[in-house]
Structure formats: structure tokens, C-alpha cells
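# Coordinates in review
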Amino acid sequence: MSGGNLVVSFKASPFPYAAVAIASYTKKTEVNYDESASGLTFTFEGTQITTEEDAVKALAKAGGLAEDSVKTPAYFTLARSLTTTTAIPEIIASLDSLDNHLAYRTFLVGHDITAADWIVWGVLKGNLRLVGLLKNNQHQHLLRWFNHLESLESTQAALTGLADAKASKARLNQKTASSFAMGLQNAKEGEVVTRFPPEPSGYLHIGHAKAAILNEYFAKMYNGKMIVRFDDTNPSKERSEFEETIVEDLDLLDIKPDKVTHTSDYFDQIYELAIKIIKIGKAYADDTEQAQMREERGQGIASRRRDATIEENLSRFEEMTKGTEEGVRWCLRAKMSVDNPNKAMRDPVIYRCNLDPHHRTGSKWKVYPTYDFACPVVDALEGVTHALRTIEYRDRNPQYHWVIEALGLRSVNIWDFSRLSFIYTFLSKRKLRWFVDQGLVSGWDDPRFPTVRGIRRRGMTVEALTQFMLSQGPSQAIVSLEWDSIWALNKKVIDPIAPRFWAVLKTKTVPVTIQDGPPEPVVKTLPKHKKNADVGEKKTVYTSNILIDQEDALSFEDNEEVTLMDWGNAIVRSKTTDGTGTITALTMELNLDGDFRKTKKITWLAQPTPAHPLVDATLIDYDYLITKKKLEESDDVKDFVTPVTEFREDALADANVRELERGDIIQFERRGYYIFDGVADRGGPRQTWEFIRIPDGRAAGLASKAGTEGKAAAVASAAGRTAVIGVDRYGVTPADTKMYGVDAVVGADGPDVANATKMYKVERVYDA
């Protein structure tokens with residue numbers, strides 16, 4: 001590393017990805033993260049540079065990159081324009097130009113990487129909207145180039161340096177060298193082998209997703225291989241159908257392993273190594289009762305069988321192997337330590353009897369290795385170079401290395417990462433199964449579940465999930481994360497490519513007569529996304545009779561001018577209401593030349609006719625399944641079940657939604673983002689298109705709707721949007737709201753404010 005010094009803040013926006021990446025690529029400077037830095041500062045050979053462009057040029061020159069051509073300045077100009085352009089058509093045009101240029105080229109200028117490549121790559125990397133458009137598979141050559149630069153080991157090191165700095169909240173002069181970052185220790189290009197070892201006893205959840213994504217990420221980073229190995233060492237829990245579901249879950253994450261194996265493929269070799277470890281005096285058979293063994297290990301007391309002879313141990317292990325009445329009383333323990341401060345090292349069990357038939361090997365085996373013995377053995381046998389483990393295994397890492405050293409196997413590097421935890425979320429298979437068994441959810445793919453298929457069904461994209469996992473970096477902090485960050489990231493991915501449609505609530509529609517509207521329906525073709533023509537086109541019907549939402553109608557003043565989206569301005573000429581104040585009809589007059597800059601923007605639908613029908617739709621939203629942010633081990637999940645967690649609203653939707661396929665993501669404008677969940681049959685010819693609302697990261701949408709009045713809410717019909725909880729102390733019935741009811745903090749009689757203020761007295765508005 002040369003003597004340069006590049007100082008940036010990890011909070012910089014836009015972040016100078018190009019400068020940091022080329023610094024790592026050329027190895028001509030250290031990268032130091034200073035949270036208080038106001039911008040980029042690059043000190044090199046006595047010169048101080050404060051712009052990213054100049055820093056990239058200086059590093060390219062110092063690194064001896066290919067000489068720039070006369071075309072290079074054009075790419076710097078293009079990079080500047082991409083940072084400021086907001087119009088999607090202009091952005092698409094720039095991406096098209098780059099894609100065409102790279103159709104027969106590996107790099108932008110010449111035959112090697114230059115400053116031009118890094119400056120353009122940095123701009124694309126720093127803009128989630130651009131990344132989202134790029135991932136839309138419309139620019140294959142540009143995407144290939146982008147992925148190549150990002151996959152370079154130096155780039156990955158730089159990106160993880162940034163993630164590490166964020167995780168540790170780097171302060172002034174705290175260095176995160178681009179040479180380490182999130183790279184693997186002792187990793188060699190083309191030789192790295194990682195593995196993801198799920199137990200085939202359930203569905204993958206978001207915690208598993210992090211492990212799987214990181215394993216594939218590192219394998220690709222070093223042009224290595226990733227193995228998916230089913231840890232099938234407990235025949236009492238495992239079933240072959242779970243292997244199929246796990247493969248499906250990985251497919252939902254776009255993870256394609258290079259090889260799929262089973263621990264059971266190595267049962268013969270593991271068994272021979274168990275014999276070996278007995279013969280070298282590093283394991284013994286033990287028949288101590290489980291409770292007593294736990295107590296002895298806790299107190300550092302040696303088992304009475306610890307000093308048995310090798311012959312005695314081999315004989316007892318043979319009885320275990322046969323599954324005899326005598327053999328099932330015994331287990332095999334590694335002879336590591338009696339009183340090591342790390343209790344994981346206190347003679348752990350490495351083999352035990354199980355007479356249940358195995359779903360792959362049948363009744364061949366009566367003894368099975370524990371995970372702690374099988375894992376290091378099979379890692380070594382399969383050529384795994386790096387074992388990624390959550391920090392909950394940290395105390396067992398010495399145990400892992402002990403097994404490898406005791407048996408003389410090839411060493412394996414261990415890379416720890418933090419376990420994922422979210423508020424109002426539990427990952428325990430037992431607790432998840434309880435919700436399924438109680439019928440509180442529709443299945444393991446329920447959108448309320450933290451399973452891979454659950455969060456994908458709710459609209460989480462692989463792109464957002466991957467970016468979020470990698471943004472955690474090598475942090476090992478144990479924290480309960482908020483869901484808002486990952487859903488906000490997801491919104492940035494889907495917003496540029498989600499087609500726009502309209503919907504109105506069926507029970508709250510207001511018919512509107514447009515006095516000077518078209519005498520016959522007129523159908524026009526409009527873009528599905530005003531800022532991205534590549535999303536496609538839709539048909540919009542214009543008639544003299546339309547429908548709008550009651551909520552919008554209530555907000556109109558007499559003769560107010562409003563804007564009917566995709567049509568123009570209209571003036572409210574008359575209202576009809578019933579005895580409750582509900583608006584039952586409106587009359588409007590078009591004013592298409594009106595100024596729309598200060599008007600309310602209203603979505604609408606043409607009233608349905610046989611020739612132009614609307615679509616029956618159901619809009620579905622969910623609450624958290626539990627009312628407590630973090631369940632403790634001693635908590636009984638039954639005590640914290642949210643009474644009502646599904647909210648359905650019947651709606652009428654734009655007829656264009658008929659073209660959607662299950663899993664398509666859209667936006668109902670002014671309502672939010674939704675994922676199409678399929679067509680539900682409601683009996684007879686009636687069908688309804690069901691849409692699940694995708695959280696967008698805003699606090700209001702993510703706040704738990706559970707509360708102390710949950711039991712009252714539970715008796716309300718689940719088909720209703722909300723449950724109204726009583727009447728307030730002023731005799732006012734609350735308006736429909738997602739918010740739960742709470743008791744007044746000052747009690748039923750109100751606060752005692754006598755002598756509490758110098759303010760003059762006024763009459764209460766409620767007494768008027």
C-alpha cells in the first residue's frame with residue numbers, strides 16, 4: 001500500500017464508490033472512514049484532492065491503468081449527468097447507449113479497466129434506482145460489465161470495508177483498510193469452497209437466508225464453489241419432503257449451488273473416524289444419565305467412565321452400533337477437557353444411538369454423529385475452505401478445530417457473522433409450527449411468517465434482501481433490527497419498475513357524473529409507469545360516469561377544482577349526501593385547461609359496463625403475529641398472540657390487472673405497493689383478484705396494530721378493515737383507523753388542571 005490517504009464519510013450521499021473501488025483496485029492508498037468528514041479528501045504525493053473525479057483520475061494514473069483515450073472525458077460527463085437526471089426516459093437512453101457500446105467490448109475504453117469504467121460504475125452503484133433498472137434485464141451487456149467490476153476481489157473488499165465502517169460506527173482516524181473489508185482470510189482465487197448446511201426438518205427463514213446469501217456471495221467473489229449440504233444426522237426430525245422445500249426456498253432466493261450433498265453420504269467415513277478417535281484415546285463411551293451429565297459438565301466434574309480403557313470403549317461403541325438394549329444406554333464423548341472455562345469444550349457428546357429409520361439410509365445405522373462432530377469432519381472431507389457460522393457457535397469454534405486437529409484432517413477457516421433478529425419476529429421452528437397447527441396462519445408461506453416463502457410472498461425482492469444482508473457486513477453485534485430498513489430498501493428496488501394501476505374501495509365508492517364528459521366511452525393507451533416507458537402500456541377508459549373514493553369526496557369543497565389523474569382538472573358542481581353525512585353522488589364539470597399545480601390529485605375509475613368491466617379485488621394488509629418486540633426463552637408464545645392480524649378490503653380495480661401473473665408487483669396509486677397473490681374463487685362465477693400490501697418502510701405502515709384492546713378487536717369480523725373499539729369519553733365514535741384503542745392516561749374524569757397554569761380559562765369545545 002502506497003502512502004496516499006483517502007478520507008471519506010460512510011454517511012456521504014452520494015457515496016464516492018468509484019474512488020473507494022479504484023483505491024482498492026490500484027492499492028495506491030488507504031481508505032479511512034471519518035464520520036465527521038464533510039466530503040472526500042485525497043492526499044497524494046503532496047497534493048490534496050477534494051473531488052471524486054480528480055481522485056479517480058489521480059489513482060488511475062498512479063496505478064498504471066491503461067492510458068485514457070480522447071473518449072474518456074465523455075464518460076466522466078455521462079457520470080455527472082446520471083447523478084442529476086431524474087427523468088426515467090433520459091436515464092434509459094443513457095443506459096441504452098452504454099449497453100450498445102458494451103455489446104462487443106469488455107470495458108468502456110480500450111482492452112483494460114480505466115478511470116472511465118470506475119467513474120461510471122461508481123455512479124450506477126450509488127443509485128438504487130439505476131441498479132433497479134439495470135436488474136430489469138433490459139441491458140444485458142451493461143449488466144455483465146457492471147457485475148464483472150463488482151465481482152472483483154478488490155471491489156468486494158472495498159464494499160465490505162464500507163459495511164464494516166458502518167457497522168462499527170467508525171470515528172475520526174479509525175481505519176477500515178480496503179485490503180480486509182468483508183473478504184475471507186486465507187482465500188485464494190478459484191479455490192474457495194463454502195457450504196450452507198441446513199437441517200431438512202423445516203422451511204428456511206430469513207435467518208437462514210442471510211447464511212445462504214453470504215455463502216453464495218463469497219463463493220462468487222472468489223470464483224469458487226458453494227455446496228448445499230443437508231445435515232441429516234437426526235432421523236427423528238428429518239423428512240425427505242423438507243429437502244425439496246429447502247431447494248425451492250433457495251430457488252426463491254435465486255441461489256444456485258454448485259453441488260448438493262448430504263452428511264449421510266459420509267456416514268461410513270465418519271464412523272471410521274469415530275473408531276479412530278477412540279483408538280487414539282481421545283474419546284470414550286459414557287452411560288451417565290443426561291441430567292447428571294449436564295450437571296457434571298456444568299460443575300467441571302469428570303465422568304466416572306472417562307478413564308475407561310480403549311478396549312472397553314470400543315466394545316461399548318460396538319454395542320451402540322448394533323443398537324442393542326445395552327448399547328442404547330451409551331453415548332460417545334470426545335475427551336477434550338473436564339473443566340475448561342469454555343463449557344463447550346467439556347467432553348461433548350459426538351455419537352449417540354437412534355433406532356428410528358433414516359429417510360435415506362433406512363435401518364442401516366443405529367448410531368449417528370452429532371452436528372458438532374459431523375460438521376468439521378465433512379467440511380474437511382468435502383474440501384470446504386471457509387465455514388461461515390453465526391456467532392452463537394463461537395464458543396464451539398475451539399471444539400470444531402479440536403476435532404480436525406485430533407483426527408489429522410485438513411484445516412478449515414471459520415468466518416463468524418451475526419445472527420439476524422427482527423422485532424415482533426420469532427424464528428423458532430417450534431413456535432412457527434404452533435401457529436400453523438393452531439390455524440392462526442394459512443401455512444408456512446403465510447405473508448406474516450418470517451420464512452423465505454413468506455417474505456417473498458409479501459413482496460420482498462431478492463435484490464433488496466441481498467443488499468440488506470450484505471449491508472450488515474462482518475458486524476457481529478447482536479441486535480433486534482427494525483423491519484423499516486429492509487422494506488425501505490425494497491421500495492427503492494421496486495418503485496422504478498412497478499406498473500401503476502388504480503383501485504377504489506367497493507363499499508366506499510361515490511358515483512360521479514361528468515357533465516361535459518364523453519357521450520360514449522373512449523379508450524386511450526397510456527404508459528403503466530409515467531417515468532419508465534419500458535414497463536409497458538395500459539388501456540384507460542374515459543366516460544361521463546366515474547367512481548371515486550368516499551374519502552376523497554368528503555374532502556371536496558363546493559366548486560373546488562381538483563385534478564382527475566391522467567385526465568385533467570374538473571370543478572365540483574354539486575354534492576348529494578345522506579342523513580349521516582356520507583356523500584352519495586357528485587357532479588363535476590371538466591376544466592382541462594386548469595392549473596393542476598395546486599389541486600388535489602384524485603384517482604378514479606370508469607363506472608363498469610358489460611363492454612368495460614372492472615375487476616373485483618381484495619386488498620390485504622397484515623399485522624405482526626405477536627405483541628411483544630422480543631420473546632424471551634421463558635415466554636409462552638400463546639400469551640403474546642395478536643388477536644387480529646389480517647385486514648381485508650373489497651375493492652374495484654383497474655381492468656388492466658387481469659393481465660397480471662401471480663407474484664407480479666404493482667402500485668395502486670395513492671394506496672401503496674402490492675403483490676398479486678392470485679385469483680380466489682368465491683363460489684359460482686364470482687372471482688376476486690387478491691393483492692397483498694407490501695410495506696414501504698414508513699413507520700406508520702410498520703407500527704404494530706396490536707394493543708391492550710385486542711380482545712375487543714378479535715370479536716370484530718376479520719373481513720372488515722378495522723375493529724372500532726367503543727366510544728370515547730366525549731361520546732364520539734372514532735373514525736375507522738388502524739390504530740388500537742388505549743385508556744386515557746388521565747383517567748375517565750380528565751386531568752385536574754386547577755392552579756396548574758397561568759393561562760386564562762376557556763370553555764371546552766365539547767361543551768359548546
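Residues numbered from 1 in each chain as written. Predicted model: local features only at pLDDT ≥ 70, side-chain atom pairs only at ≥ 80, totals over all residues. Heavy atoms only, no water.

### Quick notes on the packing of helix α11 (residues 267-279) against helix α14 (residues 371-381)
With their axes 11 Å apart at the nearest point, α11 and α14 run at an angle of 115° to one another. Comparing their axes, α14 and α11 come out roughly perpendicular. For the pair α11 and α14, the crossing hand works out as right-handed. Across the interface between the two elements, Q269, I270, L273, A274 and I277 of α11 pack against F373, A374, V377, V378 and L381 of α14. For the contact of α11 with α14, the residue count by class is nine nonpolar, one polar and no charged. (Axes fitted to C-alpha atoms, helices over the stretch in contact; angles between N-to-C directions. Helix = DSSP H or I, 4+ residues; strand = E, 2+ residues; numbered from the N terminus. Parallel < 35°, antiparallel > 145°, perpendicular 65-115°, else oblique. Left-handed = near helix turned anticlockwise from the far one by under 90°. Contact = heavy atoms within 4.5 Å. Nonpolar A, V, L, I, M, F, W, Y, C, P; charged D, E, K, R; others polar.)

### Things to note about the sheet that holds strand β1 (residues 4-8)
An order of β2-β1-β3-β4 is seen for the four strands of this open sheet, with the pairing classed as mixed. The sheet is open, and its two borders are formed by β2 (29-33) and β4 (47-49), each paired with just one other strand. Taken over all neighbouring pairs, the strand axes of this sheet differ in orientation by 15° on average, direction set aside. On the sheet, helix α2 (residues 52-62) packs against β2, β3 (41-44) and β4 and is oriented at approximately 30° with respect to β3. (Pairing = 2+ DSSP bridges.)

### Thoughts on the environment of D566
For D566, the position within the fold is in the loop between β20 (561-564) and β21 (568-577). Note on D566: relative accessible area 27%, which makes it partly exposed. Along the sequence, D566 and L526 sit 40 residues apart, while their C-alpha atoms lie 8.5 Å from each other. Beyond its immediate sequence surroundings of up to four residues, D566 is in contact with W502, L526, K530, K538 and Y542. Of the polar contacts made by the side chain of D566, one reaches the side chain of K530; its length is 3.3 Å. (Buried < 20%, exposed > 50% of the residue type's maximum accessible area, 1.4 Å probe, protein only. Polar contact = N/O pair within 3.5 Å; in protein donor to acceptor, adjacent residues only side chain to side chain.)

### So, the nonpolar core
Counting residues in each nonpolar core, the largest one holds 58 residues, and the members touching the most others are L6, Y33, L108, W118, W121, L124 and W145. Ranked by the residues each element gives to this core, the list is headed by helix α5 (residues 115-125), at eight residues. Those residues within four positions of W118 in sequence are excluded, and the remaining contacts are A18, A21, I22, Y25, L65, I113, L149, L152 and T155. By size, the runner-up hydrophobic cluster in this structure holds 55 residues, among which are M226, L427, M460 and W483. (Core = buried A, V, L, I, M, F, W, Y, C linked by side-chain atoms within 4.5 Å.)

### A word on the state of the cysteines
As enumerated under the stated definition, the model contains zero disulfides in all. Note on C353: no disulfide assigned, nearest cysteine sulfur contributed by C331 at a separation of 8.9 Å. The exposure class of C353 is buried, given its relative accessible area of 19%. (Disulfide = S-S within 2.5 Å.)

### Details of the packing of α14 against helix α15 (residues 397-407)
At a minimum axis distance of 9 Å, the contact between α14 and α15 shows a crossing angle of 60°. Viewed along their axes, α14 and α15 adopt a mutual orientation that is oblique. The way α14 lies across α15 gives a crossing that is right-handed. Contact with α14, carried on its side by D372, F373, C375, P376, V377 and D379, involves Q399, Y400, V403, I404 and L407 of α15 and no other residues of that element. Its residues assigned to classes, the contact of α14 with α15 shows eight nonpolar, one polar and two charged.

### A word on the side chain of E243
For E243, the position within the fold is in helix α10 (residues 240-252). Although buried, E243 forms no salt bridge, and the nearest oppositely charged side chain, R360, lies 4.9 Å from it. In terms of polar contacts, E243 uses its side chain to reach the side chain of H262, at 2.9 Å. In this view, E243 contacts P200, F230, H262, H359 and R360; residues no more than four positions away in its chain are not counted. (Lys, Arg positive; Asp, Glu negative; His and termini not counted. Salt bridge = Lys/Arg side-chain N within 4 Å of Asp/Glu carboxyl O.)

### Structural notes on the confidence of the model for the protein
Per-residue confidence for the protein averages 86 on the pLDDT scale, and 87% of its residues sit at or above 70. Residue range residues 706-740 is modelled with pLDDT below 50. Its contacts to residues more than four positions away, or to other chains, number 53 contacts. (pLDDT = per-residue confidence, 0-100.)

### Points about the sheet that holds strand β6 (residues 225-230)
Across the sheet, which stays open at both edges, the three strands sit in the order β5-β6-β7 with parallel pairing between neighbours. Edge positions in the sheet fall to β5 (193-196) and β7 (259-262), since each has one partner strand and no second. Each neighbouring strand pair of the sheet contributes to a mean axis angle of 30°, computed without reference to strand direction. Note: β6 against β7, four bridges, orientation parallel.

### Notes on the packing of aromatic side chains
Scanning the entire structure with this criterion turns up 31 aromatic pairs. When the centroid spacing of 4.5 Å and the interplanar angle of 20° are considered together, the rings of Y424 and Y624 count as stacked. One end of the pair, Y424, is in the loop between β13 (413-417) and α16 (429-437); the other, Y624, is in the loop between β25 (615-622) and β26 (646-653), and 200 residues separate them in sequence. Its relative accessible area of 17% is what places Y424 among the buried residues. By relative accessible area, which is 13% here, Y624 ends up buried. An aromatic cluster of three or more residues is present, and its members are F15, Y17, Y25, Y33, W118, W121 and F146. (Phe/Tyr/Trp six-rings, centres within 6.5 Å; stacked < 30°, edge-to-face > 60°.)

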